[in-house]
Structure formats: structure tokens, C-alpha cells
Amino acid sequence: MRYLILSDSHANREALEATLARAQGLWDEVLCLGDVVGYGADPNFCVEWTQENAKRCVRGNHDKACAGLDDLEWFNAAAKASAVWTQSVLSEPNIQWLRGLAKGPLIIENFQILHGSPLDEDEYLLQMHEARQLLGYLEVPLSFFGHTHVQGGFQLHRNGVIRIPPVPRDVERSECHLENDSFYLINPGSVGQPRDGDPRAAFATYDTQERLVTYYRVAYDITAAQKRIRSAGLPELLARRLGLGQ
Ligand code: ZN
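One numbering rule holds for all chains: residues counted from 1, following each sequence as written. It should be noted that, the model being predicted, local features are given only for residues of pLDDT at least 70 and side-chain atom pairs only at 80 or more, the latter also being counted only at that level, while totals for whole chains, interfaces and linings use all residues. The side-chain figures draw on all heavy atoms in the structure; neither hydrogens nor water molecules are used.

Enquirer: Can you lay out the coordination of the zinc ion for me, pointing to particular residues and giving the numbers?
Expert: Those donors, Asp-8 (OD), His-10 (NE2), Asp-35 (OD) and His-149 (NE2), are the protein atoms that reach the zinc ion, and they lie 2.1 to 2.2 Å from it. Each metal site lists N, O and S donors within 2.8 Å (3.2 Å for Na, K and Ca). With water left out of the atoms, a site can look as if it is missing ligands. Square planar and octahedral assignments, for four and six donors respectively, both demand that opposite donors be over 155 degrees apart and that all other angles lie between 65 and 115; tetrahedral needs four donors with all angles between 85 and 135 degrees, and anything else is irregular. In this structure, the zinc ion is surrounded by four donor atoms whose angles at the metal cover 84 to 177 degrees, and the resulting shape is irregular. A relative accessible area of 1% means that Asp-35 is categorised as buried. To sort residues, take the accessible area from a 1.4 Å probe on protein chains only and compare it with the maximum for the residue type: under 20% means buried, over 50% means exposed, and anything in between is partly exposed.

Enquirer: Outline the side chain of Thr-86, listing residues and values.
Expert: We count a stretch as a helix when DSSP gives it H or I for four or more residues in a row; a strand needs E for two or more, and each element gets its number in order from the N terminus. Among the secondary structure elements, Thr-86 is positioned in helix α4 (residues 77-89). Residue classification places Thr-86 among the buried residues on the basis of a relative accessible area of 0%. Note on contacts: a residue pair is in contact if any heavy atoms of the two residues lie within 4.5 Å. Thr-86 has contacts with Val-37, Gly-38, Pro-43 and Cys-66, leaving out every residue within four places of it along the chain.

Enquirer: Could you give an account of the layout of surface pockets, naming the residues involved and the relevant values?
Expert: Throughout, the protein atoms alone are placed on a 1 Å grid, and a set of points is a cavity if a 1.4 Å probe fits but cannot get out or a pocket if it is open with protein on both sides within 12 Å along at least five of seven lines; lining residues have an atom within 4 Å of a point. Grid points are joined across faces, edges and corners, and a volume is the space filled by probe spheres set on the points. Approximately 280 Å³ is the volume attributed to the largest pocket. Lining the largest pocket are 19 residues, and of these Asn-61, His-62, Trp-74, Phe-75 and Tyr-124 sit closest to its centre. Ranked by residue count, the leading element in the lining of the largest pocket is helix α3 (residues 61-66), at three residues. The classification used treats Ala, Val, Leu, Ile, Met, Phe, Trp, Tyr, Cys and Pro as nonpolar, Asp, Glu, Lys and Arg as charged, and all other residues, Gly among them, as polar. Its residues assigned to classes, the lining of the largest pocket shows six nonpolar, six polar and seven charged.

Enquirer: With reference to specific residues and values, describe helix α5 (residues 92-99).
Expert: Where α5 is concerned, the buried positions are Asn-94, Ile-95, Trp-97 and Leu-98. Axial view of α5: buried residues confined to an arc of 160 degrees, hence all on one face. Next to the buried residues of α5 lie α2 (43-53), β3 (54-57), α3 and α4. When we speak of the arc, we mean the arc of directions from the helix axis to the C-beta atoms.

Enquirer: So what's going on with the pattern of salt bridges? Which residues, and what values?
Expert: A side chain of one charge can pair with a side chain of the opposite charge when the charged atoms of the two come close. Note on definitions: salt bridges are taken to be side-chain nitrogens of Lys or Arg within 4 Å of carboxyl oxygens of Asp or Glu. Under the counting rule described, the total for this entry stands at 17 salt bridges. Its salt-bridge partner being Glu-175, residue Arg-173 comes within 3.2 Å of it at the nearest N-O pair.

Enquirer: A description of the pairing of strand β8 (residues 160-164) should follow, citing residues and the corresponding values.
Expert: Each regular strand displays side chains that alternate between the two surfaces of the sheet. Whether two strands pair comes down to DSSP finding at least two bridges between them. Here strand β7 (residues 152-157) pairs with β8 via five bridges, running antiparallel. Pairing of Phe-154 across the sheet is with Arg-163, part of β8. Linkage of β7 to β8, two consecutive antiparallel strands, is achieved through a turn of two residues.

In C-alpha cells:
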């Protein structure tokens, strides 16, 4: 089975469409790691595509906030403004779909998908020591996570933790062959709002037979996405950061 793993699309239609065009023919099923909405200007499009095409999807913190499941006190000003705006434009069926999303982790075959950390859906998994601490708690050897918007992840080996880097800036894909004696925490990166310094949309595929994770980056029409954010009246910061990949 070949899975397309998408995370943090964040209502960015242009990035999602470019991702799907690039990923054409590379997958049998789609899995989604949450944060379908928030920040971007096309929440209904991203919800409807995900609803129709993703086999399984876990909820992200923005999905919860935009569906009214969480109060917004932990959000910064721009995130809060975008959640309020998103609530105002989402159709009722799309709000209901977001409300019904599962809390991760969800087990798929012999791996799992989740939004933040295997132990807490809202926690950020950024540092080597944070990954190392999970070693005793992982019930499956492979976990796909999102939330940080940083492509790559961690290989947990008995000799230590190895950081898996994002796709280098001058190429558009990189491979990670899974080894039998390690646990893996894999972040496909963010489709709609990358924060690892590379503004290209990020995603990954996982081939279960080959035990191969392939990371991708794809250029998309950032100017068009920025224009939509501005004309929706969303905070300027949300447009600007797309150009920076931050
Ligand atoms: Zn996110």
C-alpha cells in the first residue's frame, strides 16, 4: 500500500492543489494529520477535499478551535483572528465534519497517525530530547505526526536519536528507508504553511511494502494564496509568512 500523508493544509487551496498535482499516481490512499483549516483563506475547499479523499484524518488544534471545540485563549492574535474568521465562513456541514474528527493517535495497519505528540495531541515535537523521551511509550515502530510544520522527524535507535532533515532546498524529494531496529517519528511537513525556512508545500508518501518514506517539496502559487488571505481581511502576517516559509 502506498499512502499519501498530508498535514497542516491550513486552508491553503493553492498549496493543496499543487501538492495533489505533484502526488498524482504516487498513492493508493490518503491519510491526514490534522489542521485542515485555520490561517488560510479557503477552509471550505480544504475540508471538502479532505472529507472526500482522506481515508482517515485526525484532528488538529486549529480544527478544534475553528469548530468551536476549544476556546481561543491559547492562540496568538493572528491565529485567533483567523479562527474567528474561519468559523464565520465555514458551512454548517463542514463545521460538523471538523467536530467529528478523531483524536489521535489512530492506528493504521502497523503504524499510527497523530497531530502533535503520541502522548498529547496538542504538544509540539521539535527537539531531540522530546523525541527521546517517547521511546518507552511508543506502541508501534512508526508514527506520522504534524503540528510543528517542520518536515523531517526522528529516528529513535538504542544508540540515540538521529534527526531526519527536510528535503534540501535545491532538490524536490528525499528518501528515508526504514530500518528494523528503530522507532520512527515522521513529519511530512506542512502543505499550507511551512515553517522550516522553505516556502514550498511539503508532503510525504509511505510505501508499506518497500518500508520507504519519501519526502517531497513542491512550488506553488504563493502570491495567489497571499492575495486571497489579504482580500479576506485576514492578518497581514499570515500572508507574509507564506513567502518566508516561517
Ligand atoms: Zn498547524
